[in-house]
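# Geometric and topological summary
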Amino acid sequence: MRFNERELKFVARTGVTEKEGNLRYRNPYAKRDGYKSRWFRLKGNLLFYFRSDEHGGLSPEQEVKGVMVLERYQIQLEQLPDRPFVFSIYFENDADKKHYFSCASKVQCEEWVDNLRKASFENMRHTLAILQAKLIKKTGRDPILTMSLGHSIVPKTLYQEMGRKFSMPDKSTKSGGVTAKEIAELLAHPSSAPSESQYLM
């Protein structure tokens with residue numbers, strides 16, 4: 001699956017951002033080994049990365065270098081002899097290809113790991129199921145079924161909060177690639193998501 005560059009930029013620059021900041025990144029698919037300074041932006045289960053400027057900030061042109069679809073992946077802290085604060089991500093069908101991220105401090109590293117572990121649609125669906133069970137136990141009624149019938153018994157902001165991470169504009173394009181609408185469908189049906197990250201090179 002390939003992303004249309006125009007649509008990718010649109011999604012990367014709009015909507016809610018869970019976390020962003022500079023990290024040094026080692027891409028397992030790069031022709032040259034080593035870490036590069038990149039600006040990362042987490043939006044739902046999409047981890048975008050941009051070219052950074054000479055000071056480590058987001059470059060003025062906001063050039064998107066790539067995006068990872070965070071589904072069916074593992075994330076863990078690493079202990080490397082040459083770098084103290086590193087975590088890695090690998091995907092189930094590509095476990096020998098680790099993506100390494102180097103942080104400036106232990107706190108920064110732990111914050112990123114925590115946010116990235118919560119990013120997947122599967123995690124959000126699990127959280128929603130727990131809240132649903134608690135509300136059924138408290139009220140005796142299924143809040144999701146009640147909402148679908150148009151008679152809310154809980155604040156709609158709860159569902160807005162659960163769904164806002166995965167809301168995407170219904171925007172289409174005649175050019176080839178994946179549209180923002182198709183990305184939204186991908187997030188709604190993670191079984192169709194690729195198990196490895198996707199890149200612009």
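Structure's up top.
These remarks concern the structure in this document. The structure displayed is predicted, hence computed values, not measured ones.

About the criteria used
Residues numbered from 1 in each chain as written. Predicted model: local features only at pLDDT ≥ 70, side-chain atom pairs only at ≥ 80, totals over all residues. Heavy atoms only, no water. Helix = DSSP H or I, 4+ residues; strand = E, 2+ residues; numbered from the N terminus. Buried < 20%, exposed > 50% of the residue type's maximum accessible area, 1.4 Å probe, protein only. Polar contact = N/O pair within 3.5 Å; in protein donor to acceptor, adjacent residues only side chain to side chain. Contact = heavy atoms within 4.5 Å. Phe/Tyr/Trp six-rings, centres within 6.5 Å; stacked < 30°, edge-to-face > 60°.

Turning to the side chain of S102, a few remarks are in order. Within the secondary structure, S102 sits in strand β7 (residues 94-102). What makes S102 buried here is its relative accessible area of 8%. Polar contacts involving the side chain of S102 include one to the side chain of R83, which spans 3.2 Å. Apart from residues lying up to four places away in sequence, S102 is in contact with L23, R24, Y35, R83, F85 and V86.

Right, let's get into the packing of aromatic side chains. Considering all chains together, one arrives at 7 aromatic pairs under this definition. Centroid distance Y25 to F101: 5.1 Å. Interplanar angle 25°. Geometry classified as stacked. Linking Y25 in strand β1 (residues 19-26) with F101 in strand β7, this pair joins segments that are 76 residues apart in sequence. As far as the burial class goes, Y25 and F101 line up, both buried. A centroid spacing of 4.8 Å and a plane angle of 10° characterise the contact between F87 and F101, whose relative ring orientation is stacked.

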